[in-house]
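Summary of the model geometry
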Amino acid sequence: MSPAIEQTTLANGLRIVTENVDRVETVSFGVYVAAGSRHETAKNNGVAHFLEHMAFKGTKRRSAMQIAEEIENVGGHINAYTARENTAYYVKLLKEDLPLGIDIIGDILTHSVFSPDEIERERGVILQEIGQANDTPDDIIFDYFQERAYPDQPMGRPILGSEDNVRSMTRDTLMAYMNEHYSTQNIVIAAAGKLEHKAVVALVEEHFRDLATHKPPQAVTAHYQGGIHQTPRQLDQVHLLLGFPSSGYLGPDYYGTMVLSTLLGGGMSSRLFQEIREKRGLVYSVYSFASPFEDGGIFGLYAGTGPEKTAELVPAMLEELRRLQDGLSPAELARARTQLKASLLMSLESPGSRCAQIGRQLQLYGRVIPTEETVSRIDHVTEADILRIAKTLFSAPPTVTTMGLAENIPTPDEIHETLNP
(Lines give C-alpha, C1' and ligand atoms only; values in the text may rest on other atoms or scores of the structure.)
Protein backbone atom coordinates (compact mmCIF):
# COMPACT_ATOMS: atom_id res chain seq x y z
CA MET A 1 0.00 0.00 0.00
CA SER A 2 1.28 3.47 -0.90
CA PRO A 3 2.65 5.54 2.01
CA ALA A 4 0.06 8.19 1.02
CA ILE A 5 -2.73 5.72 1.82
CA GLU A 6 -3.62 5.19 5.47
CA GLN A 7 -6.30 3.05 7.05
CA THR A 8 -7.95 2.99 10.47
CA THR A 9 -10.66 0.80 11.97
CA LEU A 10 -12.55 2.41 14.83
CA ALA A 11 -13.58 0.55 17.96
CA ASN A 12 -17.14 0.31 16.63
CA GLY A 13 -15.96 -1.44 13.45
CA LEU A 14 -16.17 1.54 11.08
CA ARG A 15 -13.35 1.45 8.52
CA ILE A 16 -11.71 4.65 7.25
CA VAL A 17 -9.23 4.89 4.38
CA THR A 18 -7.60 8.05 3.06
CA GLU A 19 -5.10 9.01 0.41
CA ASN A 20 -3.14 12.23 0.64
CA VAL A 21 -2.76 13.81 -2.82
CA ASP A 22 -0.47 16.71 -2.08
CA ARG A 23 -0.54 18.26 -5.56
CA VAL A 24 -4.21 19.32 -5.34
CA GLU A 25 -6.05 21.91 -3.26
CA THR A 26 -9.31 19.97 -2.96
CA VAL A 27 -10.57 16.91 -1.14
CA SER A 28 -13.28 14.34 -1.82
CA PHE A 29 -15.02 12.50 1.00
CA GLY A 30 -17.36 9.55 0.53
CA VAL A 31 -19.41 7.10 2.54
CA TYR A 32 -19.91 3.73 0.84
CA VAL A 33 -22.74 1.56 2.16
CA ALA A 34 -22.69 -2.08 1.04
CA ALA A 35 -26.43 -2.09 0.41
CA GLY A 36 -28.29 -1.46 -2.83
CA SER A 37 -31.16 -2.82 -4.85
CA ARG A 38 -30.04 -6.44 -4.52
CA HIS A 39 -30.58 -6.13 -0.76
CA GLU A 40 -34.28 -5.43 -1.28
CA THR A 41 -37.37 -7.64 -1.53
CA ALA A 42 -40.05 -7.59 -4.20
CA LYS A 43 -42.24 -5.65 -1.77
CA ASN A 44 -39.76 -2.88 -0.96
CA ASN A 45 -37.88 -2.75 -4.29
CA GLY A 46 -36.80 0.86 -4.81
CA VAL A 47 -36.33 1.63 -1.12
CA ALA A 48 -32.52 1.98 -1.34
CA HIS A 49 -32.85 4.63 -4.04
CA PHE A 50 -35.75 6.38 -2.27
CA LEU A 51 -33.69 6.47 0.93
CA GLU A 52 -30.74 7.98 -0.91
CA HIS A 53 -33.00 10.80 -2.12
CA MET A 54 -34.46 11.37 1.36
CA ALA A 55 -31.07 11.69 3.03
CA PHE A 56 -30.81 15.24 1.65
CA LYS A 57 -34.28 16.32 2.73
CA GLY A 58 -33.62 17.50 6.25
CA THR A 59 -32.09 16.48 9.57
CA LYS A 60 -32.70 17.44 13.17
CA ARG A 61 -30.25 20.33 12.69
CA ARG A 62 -30.68 21.32 9.05
CA SER A 63 -33.46 21.77 6.53
CA ALA A 64 -33.07 20.54 2.95
CA MET A 65 -32.32 24.11 1.89
CA GLN A 66 -29.68 24.54 4.59
CA ILE A 67 -27.91 21.34 3.50
CA ALA A 68 -27.65 22.63 -0.07
CA GLU A 69 -26.75 26.19 0.93
CA GLU A 70 -24.02 25.28 3.41
CA ILE A 71 -22.20 23.18 0.82
CA GLU A 72 -22.65 25.63 -2.04
CA ASN A 73 -21.71 28.63 0.11
CA VAL A 74 -18.17 27.24 0.12
CA GLY A 75 -18.26 26.23 -3.56
CA GLY A 76 -18.62 22.54 -2.76
CA HIS A 77 -20.60 19.77 -4.40
CA ILE A 78 -22.69 17.12 -2.62
CA ASN A 79 -24.37 14.14 -4.23
CA ALA A 80 -25.18 10.43 -3.95
CA TYR A 81 -25.98 7.41 -6.08
CA THR A 82 -27.58 4.02 -5.68
CA ALA A 83 -26.30 0.89 -7.42
CA ARG A 84 -27.18 -2.77 -7.20
CA GLU A 85 -24.66 -3.56 -4.47
CA ASN A 86 -23.93 -0.25 -2.81
CA THR A 87 -25.11 3.27 -2.10
CA ALA A 88 -22.67 6.17 -1.90
CA TYR A 89 -22.86 9.68 -0.43
CA TYR A 90 -20.04 12.10 -1.20
CA VAL A 91 -18.83 15.68 -1.15
CA LYS A 92 -16.12 17.52 -3.09
CA LEU A 93 -14.68 20.60 -1.41
CA LEU A 94 -11.73 22.91 -1.03
CA LYS A 95 -9.35 21.34 1.47
CA GLU A 96 -10.14 23.80 4.28
CA ASP A 97 -13.86 22.98 4.11
CA LEU A 98 -13.53 19.23 4.70
CA PRO A 99 -14.78 19.49 8.33
CA LEU A 100 -18.03 20.98 7.06
CA GLY A 101 -18.43 18.23 4.48
CA ILE A 102 -17.89 15.45 7.02
CA ASP A 103 -20.30 17.16 9.42
CA ILE A 104 -23.07 17.32 6.79
CA ILE A 105 -22.64 13.78 5.48
CA GLY A 106 -22.56 12.46 9.04
CA ASP A 107 -25.66 14.49 9.88
CA ILE A 108 -27.74 13.20 6.95
CA LEU A 109 -26.77 9.58 7.63
CA THR A 110 -27.42 9.60 11.38
CA HIS A 111 -30.03 12.31 12.03
CA SER A 112 -32.33 12.51 8.99
CA VAL A 113 -35.94 13.10 10.02
CA PHE A 114 -37.81 11.79 6.95
CA SER A 115 -40.54 14.39 7.15
CA PRO A 116 -43.88 13.12 5.73
CA ASP A 117 -44.16 16.28 3.60
CA GLU A 118 -40.69 15.75 2.15
CA ILE A 119 -41.45 12.08 1.50
CA GLU A 120 -44.49 13.06 -0.54
CA ARG A 121 -42.55 15.66 -2.53
CA GLU A 122 -39.70 13.25 -3.23
CA ARG A 123 -42.13 10.51 -4.20
CA GLY A 124 -43.22 12.74 -7.07
CA VAL A 125 -39.62 13.44 -8.06
CA ILE A 126 -38.77 9.72 -8.20
CA LEU A 127 -41.87 8.95 -10.25
CA GLN A 128 -40.69 11.61 -12.70
CA GLU A 129 -37.27 9.92 -12.75
CA ILE A 130 -38.89 6.56 -13.55
CA GLY A 131 -40.93 8.22 -16.30
CA GLN A 132 -37.79 9.75 -17.77
CA ALA A 133 -36.05 6.36 -17.76
CA ASN A 134 -39.05 4.74 -19.45
CA ASP A 135 -38.87 7.38 -22.19
CA THR A 136 -35.16 6.65 -22.81
CA PRO A 137 -34.96 3.36 -24.76
CA ASP A 138 -31.19 2.93 -24.53
CA ASP A 139 -31.51 3.34 -20.75
CA ILE A 140 -34.59 1.32 -19.80
CA ILE A 141 -33.57 -1.62 -22.00
CA PHE A 142 -30.81 -2.37 -19.49
CA ASP A 143 -33.43 -2.87 -16.77
CA TYR A 144 -35.33 -5.32 -19.00
CA PHE A 145 -32.03 -7.04 -19.79
CA GLN A 146 -31.15 -7.43 -16.11
CA GLU A 147 -34.65 -8.70 -15.30
CA ARG A 148 -34.46 -11.33 -18.04
CA ALA A 149 -31.01 -12.47 -16.96
CA TYR A 150 -32.00 -12.70 -13.27
CA PRO A 151 -35.80 -13.14 -13.18
CA ASP A 152 -37.79 -13.05 -9.92
CA GLN A 153 -34.81 -12.18 -7.73
CA PRO A 154 -33.24 -9.02 -6.29
CA MET A 155 -30.40 -8.86 -8.83
CA GLY A 156 -32.94 -8.60 -11.63
CA ARG A 157 -35.10 -5.82 -10.20
CA PRO A 158 -34.71 -2.15 -11.24
CA ILE A 159 -32.74 0.19 -8.98
CA LEU A 160 -35.46 2.84 -9.21
CA GLY A 161 -38.17 0.36 -8.21
CA SER A 162 -41.62 0.08 -9.74
CA GLU A 163 -44.13 2.94 -9.86
CA ASP A 164 -46.47 0.96 -7.59
CA ASN A 165 -43.75 0.43 -4.99
CA VAL A 166 -42.71 4.08 -5.05
CA ARG A 167 -46.33 5.21 -4.68
CA SER A 168 -46.79 2.98 -1.62
CA MET A 169 -43.39 3.58 0.05
CA THR A 170 -43.83 4.64 3.69
CA ARG A 171 -41.62 6.32 6.26
CA ASP A 172 -41.56 3.03 8.20
CA THR A 173 -40.25 1.21 5.11
CA LEU A 174 -37.43 3.73 4.70
CA MET A 175 -36.52 3.63 8.39
CA ALA A 176 -36.59 -0.17 8.52
CA TYR A 177 -34.21 -0.50 5.56
CA MET A 178 -31.85 2.13 6.95
CA ASN A 179 -31.83 0.58 10.42
CA GLU A 180 -31.13 -2.85 8.95
CA HIS A 181 -28.32 -1.95 6.53
CA TYR A 182 -26.71 1.33 7.61
CA SER A 183 -24.35 0.01 10.27
CA THR A 184 -20.63 0.36 10.88
CA GLN A 185 -20.15 -3.26 9.76
CA ASN A 186 -21.56 -2.37 6.36
CA ILE A 187 -19.92 1.01 5.72
CA VAL A 188 -16.52 2.16 4.51
CA ILE A 189 -15.53 5.83 4.66
CA ALA A 190 -12.95 7.16 2.23
CA ALA A 191 -11.29 10.47 1.46
CA ALA A 192 -8.72 11.58 -1.10
CA GLY A 193 -7.03 14.91 -1.73
CA LYS A 194 -5.03 17.33 0.36
CA LEU A 195 -5.72 15.99 3.84
CA GLU A 196 -4.33 14.58 7.06
CA HIS A 197 -5.48 11.08 7.96
CA LYS A 198 -5.62 11.71 11.70
CA ALA A 199 -7.79 14.77 11.21
CA VAL A 200 -10.23 12.82 9.04
CA VAL A 201 -10.42 10.02 11.62
CA ALA A 202 -11.14 12.50 14.42
CA LEU A 203 -13.92 14.16 12.43
CA VAL A 204 -15.48 10.81 11.50
CA GLU A 205 -15.41 9.71 15.13
CA GLU A 206 -17.26 12.88 16.08
CA HIS A 207 -19.90 12.96 13.35
CA PHE A 208 -20.60 9.24 12.82
CA ARG A 209 -20.67 8.13 16.45
CA ASP A 210 -24.43 7.44 16.33
CA LEU A 211 -24.24 4.79 13.60
CA ALA A 212 -25.61 1.36 14.52
CA THR A 213 -23.02 -1.41 14.94
CA HIS A 214 -24.92 -4.64 14.21
CA LYS A 215 -24.04 -7.10 11.44
CA PRO A 216 -26.36 -6.60 8.46
CA PRO A 217 -28.02 -9.46 6.54
CA GLN A 218 -26.32 -10.86 3.45
CA ALA A 219 -27.65 -10.38 -0.04
CA VAL A 220 -29.59 -13.12 -1.79
CA THR A 221 -27.32 -15.13 -4.10
CA ALA A 222 -27.82 -14.28 -7.77
CA HIS A 223 -28.80 -17.11 -10.13
CA TYR A 224 -28.38 -16.34 -13.82
CA GLN A 225 -31.04 -17.83 -16.12
CA GLY A 226 -31.11 -15.92 -19.41
CA GLY A 227 -33.77 -15.99 -22.12
CA ILE A 228 -35.39 -13.44 -24.41
CA HIS A 229 -37.46 -10.32 -23.77
CA GLN A 230 -38.81 -8.15 -26.57
CA THR A 231 -40.62 -4.82 -26.14
CA PRO A 232 -42.33 -3.72 -29.35
CA ARG A 233 -42.41 0.07 -29.50
CA GLN A 234 -42.77 2.55 -32.34
CA LEU A 235 -39.18 3.79 -32.49
CA ASP A 236 -36.84 4.84 -35.26
CA GLN A 237 -34.27 2.34 -33.99
CA VAL A 238 -34.17 -1.17 -32.62
CA HIS A 239 -32.14 -1.35 -29.42
CA LEU A 240 -30.52 -4.72 -28.83
CA LEU A 241 -28.69 -6.26 -25.89
CA LEU A 242 -27.04 -9.67 -25.97
CA GLY A 243 -25.41 -11.02 -22.82
CA PHE A 244 -23.87 -13.97 -20.99
CA PRO A 245 -22.95 -14.75 -17.36
CA SER A 246 -19.37 -13.76 -16.53
CA SER A 247 -16.80 -13.30 -13.80
CA GLY A 248 -17.40 -11.12 -10.76
CA TYR A 249 -15.07 -8.76 -8.90
CA LEU A 250 -13.79 -11.64 -6.78
CA GLY A 251 -13.46 -14.15 -9.61
CA PRO A 252 -10.11 -15.26 -11.09
CA ASP A 253 -11.09 -14.06 -14.57
CA TYR A 254 -12.08 -10.51 -13.63
CA TYR A 255 -9.13 -8.83 -15.37
CA GLY A 256 -9.25 -11.15 -18.36
CA THR A 257 -12.94 -10.38 -18.85
CA MET A 258 -12.24 -6.65 -18.76
CA VAL A 259 -9.50 -7.03 -21.41
CA LEU A 260 -11.84 -9.15 -23.54
CA SER A 261 -14.55 -6.49 -23.38
CA THR A 262 -12.08 -3.79 -24.37
CA LEU A 263 -10.78 -5.56 -27.46
CA LEU A 264 -14.21 -6.77 -28.54
CA GLY A 265 -16.13 -3.51 -28.21
CA GLY A 266 -14.29 -1.00 -26.05
CA GLY A 267 -13.29 1.66 -28.56
CA MET A 268 -13.07 2.77 -32.19
CA SER A 269 -10.37 0.18 -32.92
CA SER A 270 -12.37 -2.67 -31.38
CA ARG A 271 -13.65 -5.58 -33.45
CA LEU A 272 -17.32 -4.71 -33.11
CA PHE A 273 -16.85 -1.05 -33.98
CA GLN A 274 -14.67 -1.75 -36.98
CA GLU A 275 -16.81 -4.54 -38.44
CA ILE A 276 -20.34 -3.45 -37.52
CA ARG A 277 -20.06 0.32 -37.89
CA GLU A 278 -17.03 1.12 -40.03
CA LYS A 279 -17.15 -1.71 -42.59
CA ARG A 280 -20.87 -2.46 -42.73
CA GLY A 281 -22.40 0.85 -41.62
CA LEU A 282 -25.15 -0.96 -39.70
CA VAL A 283 -25.16 1.16 -36.54
CA TYR A 284 -24.21 4.45 -34.98
CA SER A 285 -23.53 2.92 -31.56
CA VAL A 286 -22.14 -0.54 -30.78
CA TYR A 287 -20.08 -1.63 -27.80
CA SER A 288 -19.47 -4.40 -25.29
CA PHE A 289 -19.41 -4.17 -21.51
CA ALA A 290 -18.57 -6.23 -18.44
CA SER A 291 -20.75 -5.62 -15.38
CA PRO A 292 -19.24 -7.48 -12.43
CA PHE A 293 -20.70 -7.87 -8.97
CA GLU A 294 -19.51 -9.75 -5.90
CA ASP A 295 -20.69 -13.27 -6.74
CA GLY A 296 -20.87 -13.09 -10.51
CA GLY A 297 -21.33 -10.73 -13.40
CA ILE A 298 -22.77 -10.26 -16.84
CA PHE A 299 -20.96 -9.65 -20.12
CA GLY A 300 -22.96 -7.88 -22.77
CA LEU A 301 -23.09 -6.30 -26.20
CA TYR A 302 -25.27 -3.33 -27.13
CA ALA A 303 -26.21 -2.08 -30.58
CA GLY A 304 -28.82 0.27 -31.99
CA THR A 305 -29.92 -0.01 -35.62
CA GLY A 306 -32.80 0.59 -38.01
CA PRO A 307 -35.53 -2.09 -38.06
CA GLU A 308 -34.57 -3.05 -41.60
CA LYS A 309 -30.98 -3.77 -40.53
CA THR A 310 -31.62 -6.27 -37.73
CA ALA A 311 -31.56 -9.26 -40.07
CA GLU A 312 -27.95 -8.39 -40.95
CA LEU A 313 -26.85 -6.96 -37.59
CA VAL A 314 -27.33 -9.94 -35.30
CA PRO A 315 -25.56 -12.51 -37.52
CA ALA A 316 -22.69 -10.04 -37.97
CA MET A 317 -22.34 -9.63 -34.20
CA LEU A 318 -22.43 -13.38 -33.66
CA GLU A 319 -19.83 -13.88 -36.35
CA GLU A 320 -17.48 -11.54 -34.48
CA LEU A 321 -17.98 -13.59 -31.31
CA ARG A 322 -17.09 -16.75 -33.24
CA ARG A 323 -14.07 -15.19 -34.96
CA LEU A 324 -12.76 -13.99 -31.63
CA GLN A 325 -12.34 -17.59 -30.53
CA ASP A 326 -10.06 -18.31 -33.51
CA GLY A 327 -7.24 -16.22 -32.07
CA LEU A 328 -5.86 -12.72 -31.52
CA SER A 329 -2.94 -10.82 -32.92
CA PRO A 330 -0.25 -9.73 -30.43
CA ALA A 331 -0.87 -6.10 -31.44
CA GLU A 332 -4.60 -6.41 -30.75
CA LEU A 333 -4.06 -7.85 -27.28
CA ALA A 334 -1.39 -5.26 -26.45
CA ARG A 335 -3.70 -2.43 -27.54
CA ALA A 336 -6.56 -3.70 -25.35
CA ARG A 337 -4.27 -4.01 -22.34
CA THR A 338 -2.93 -0.50 -22.90
CA GLN A 339 -6.41 0.98 -23.28
CA LEU A 340 -7.51 -0.59 -20.01
CA LYS A 341 -4.40 0.58 -18.15
CA ALA A 342 -4.68 4.10 -19.56
CA SER A 343 -8.32 4.33 -18.47
CA LEU A 344 -7.34 3.26 -14.96
CA LEU A 345 -4.40 5.65 -14.66
CA MET A 346 -6.33 8.60 -16.08
CA SER A 347 -9.09 8.06 -13.53
CA LEU A 348 -6.53 8.37 -10.75
CA GLU A 349 -5.92 12.00 -11.73
CA SER A 350 -9.20 12.91 -10.00
CA PRO A 351 -9.44 12.93 -6.17
CA GLY A 352 -13.13 12.06 -6.53
CA SER A 353 -12.41 8.95 -8.58
CA ARG A 354 -9.57 7.99 -6.29
CA CYS A 355 -11.79 8.37 -3.23
CA ALA A 356 -14.43 6.10 -4.76
CA GLN A 357 -11.83 3.55 -5.83
CA ILE A 358 -10.09 3.13 -2.49
CA GLY A 359 -13.42 3.05 -0.68
CA ARG A 360 -14.91 0.34 -2.88
CA GLN A 361 -11.70 -1.70 -2.96
CA LEU A 362 -11.57 -1.80 0.82
CA GLN A 363 -15.23 -2.81 0.86
CA LEU A 364 -14.87 -5.52 -1.78
CA TYR A 365 -11.43 -6.94 -1.11
CA GLY A 366 -10.70 -5.92 2.45
CA ARG A 367 -7.67 -3.94 1.25
CA VAL A 368 -6.65 -1.21 -1.16
CA ILE A 369 -5.05 -2.76 -4.22
CA PRO A 370 -1.84 -0.99 -5.28
CA THR A 371 -1.99 0.46 -8.77
CA GLU A 372 1.14 -1.46 -9.68
CA GLU A 373 -0.60 -4.73 -8.81
CA THR A 374 -3.60 -3.91 -10.98
CA VAL A 375 -1.36 -2.95 -13.92
CA SER A 376 0.60 -6.18 -13.49
CA ARG A 377 -2.57 -8.27 -13.51
CA ILE A 378 -3.73 -6.60 -16.72
CA ASP A 379 -0.31 -7.15 -18.31
CA HIS A 380 -0.41 -10.84 -17.39
CA VAL A 381 -3.65 -11.51 -19.27
CA THR A 382 -2.63 -13.80 -22.15
CA GLU A 383 -4.18 -14.79 -25.47
CA ALA A 384 -4.88 -18.21 -23.96
CA ASP A 385 -6.78 -16.51 -21.11
CA ILE A 386 -8.89 -14.51 -23.54
CA LEU A 387 -9.74 -17.53 -25.70
CA ARG A 388 -10.61 -19.66 -22.67
CA ILE A 389 -12.82 -16.93 -21.18
CA ALA A 390 -14.54 -16.31 -24.53
CA LYS A 391 -15.25 -20.01 -24.99
CA THR A 392 -16.73 -20.22 -21.48
CA LEU A 393 -18.80 -17.06 -21.90
CA PHE A 394 -20.29 -17.82 -25.27
CA SER A 395 -21.14 -21.42 -24.44
CA ALA A 396 -23.53 -20.24 -21.70
CA PRO A 397 -27.26 -19.61 -22.25
CA PRO A 398 -27.60 -16.10 -23.72
CA THR A 399 -29.87 -13.26 -22.66
CA VAL A 400 -31.47 -11.33 -25.54
CA THR A 401 -33.39 -8.09 -25.07
CA THR A 402 -34.79 -5.82 -27.74
CA MET A 403 -36.82 -2.64 -27.81
CA GLY A 404 -38.42 -1.30 -30.95
CA LEU A 405 -39.87 -2.94 -34.06
CA ALA A 406 -37.42 -5.82 -34.03
CA GLU A 407 -37.80 -8.61 -36.57
CA ASN A 408 -35.66 -11.61 -37.47
CA ILE A 409 -34.13 -11.81 -33.99
CA PRO A 410 -32.79 -15.32 -33.40
CA THR A 411 -33.91 -17.20 -30.31
CA PRO A 412 -31.48 -17.91 -27.47
CA ASP A 413 -31.26 -21.53 -28.66
CA GLU A 414 -30.41 -20.41 -32.18
CA ILE A 415 -27.76 -18.03 -30.85
CA HIS A 416 -26.29 -20.79 -28.73
CA GLU A 417 -26.14 -23.15 -31.73
CA THR A 418 -24.49 -20.47 -33.87
CA LEU A 419 -21.80 -19.82 -31.28
CA ASN A 420 -21.32 -23.50 -30.43
CA PRO A 421 -21.64 -25.42 -33.72
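Residues numbered from 1 in each chain as written. Predicted model: local features only at pLDDT ≥ 70, side-chain atom pairs only at ≥ 80, totals over all residues. Heavy atoms only, no water.

As for empty space enclosed by the protein
Applying the stated rule across the entire model yields 3 cavities of 30 Å³ or more. Taken together, T262, L263, S269, S270, R271, E332, R335, A336 and Q339 make up the full set of residues lining the largest cavity. Considering each element in turn, the lining of the largest cavity owes the most residues, 4 residues, to helix α12 (residues 330-347). In terms of residue class, the lining of the largest cavity is built from 2 nonpolar, 4 polar and 3 charged. (1 Å grid on protein atoms, 1.4 Å probe; cavity = no way out; pocket = protein on both sides within 12 Å on 5 of 7 lines; lining within 4 Å. Points joined across faces, edges and corners; volume = space filled by probe spheres on them. Helix = DSSP H or I, 4+ residues; strand = E, 2+ residues; numbered from the N terminus. Nonpolar A, V, L, I, M, F, W, Y, C, P; charged D, E, K, R; others polar.)

A look at the side chain of T399
Within the element layout of this structure, T399 appears in strand β11 (residues 399-403). Exposure remark for T399: the relative accessible area of 0% places this residue in the buried category. At 2.8 Å, the side chain of T399 forms a polar contact with the side chain of Y224. Excluding anything up to four places from it in sequence, T399 contacts F145, R148, A149, Y224, G226, G227, L241, L242 and G243. (Buried < 20%, exposed > 50% of the residue type's maximum accessible area, 1.4 Å probe, protein only. Polar contact = N/O pair within 3.5 Å; in protein donor to acceptor, adjacent residues only side chain to side chain. Contact = heavy atoms within 4.5 Å.)

Describing the nonpolar core
Grouped together as the largest cluster of nonpolar side chains are 66 residues, with contacts concentrated most on F29, Y89, I105, V204 and F208. Setting aside chain neighbours within four positions, we find I105 in contact with F29, V31, I78, Y89, Y90, V91 and F208. (Core = buried A, V, L, I, M, F, W, Y, C linked by side-chain atoms within 4.5 Å.)

Quick look at the sheet that holds strand β2 (residues 15-20)
One open sheet holds the 6 strands; their spatial order is β1-β2-β6-β3-β5-β4, and the pairing between them is mixed. With partners counted over all chains shown, the strands left at the sheet margins are β1 (5-9) and β4 (77-82), one partner each. Strand after strand, the sheet turns through a mean of 15° between neighbouring axes, direction not considered. With 5 bridges joining them, β1 and β2 adopt antiparallel strand pairing. Paired with Q7 across the bridge in β2 is V17. Relative to the sheet, helix α3 (residues 98-110) contacts β3 (26-33), β4 and β5 (87-94), its axis offset from that of β5 by approximately 155°. Its contacts with the sheet place helix α8 (residues 197-207) against β1, β2, β3 and β6 (187-193), and it is angled at close to 145° to β2. (Pairing = 2+ DSSP bridges. Axes fitted to C-alpha atoms, helices over the stretch in contact; angles between N-to-C directions.)

Points about helix α10 (residues 271-279)
Listed as buried for α10 are R271, L272, F273, E275 and I276. Its buried side turned inward, α10 meets α9 (254-265), β9 (285-293), β10 (296-305), α11 (310-324) and α12. Directly after α10, the chain includes G281, whose backbone phi takes a positive value near 65°.

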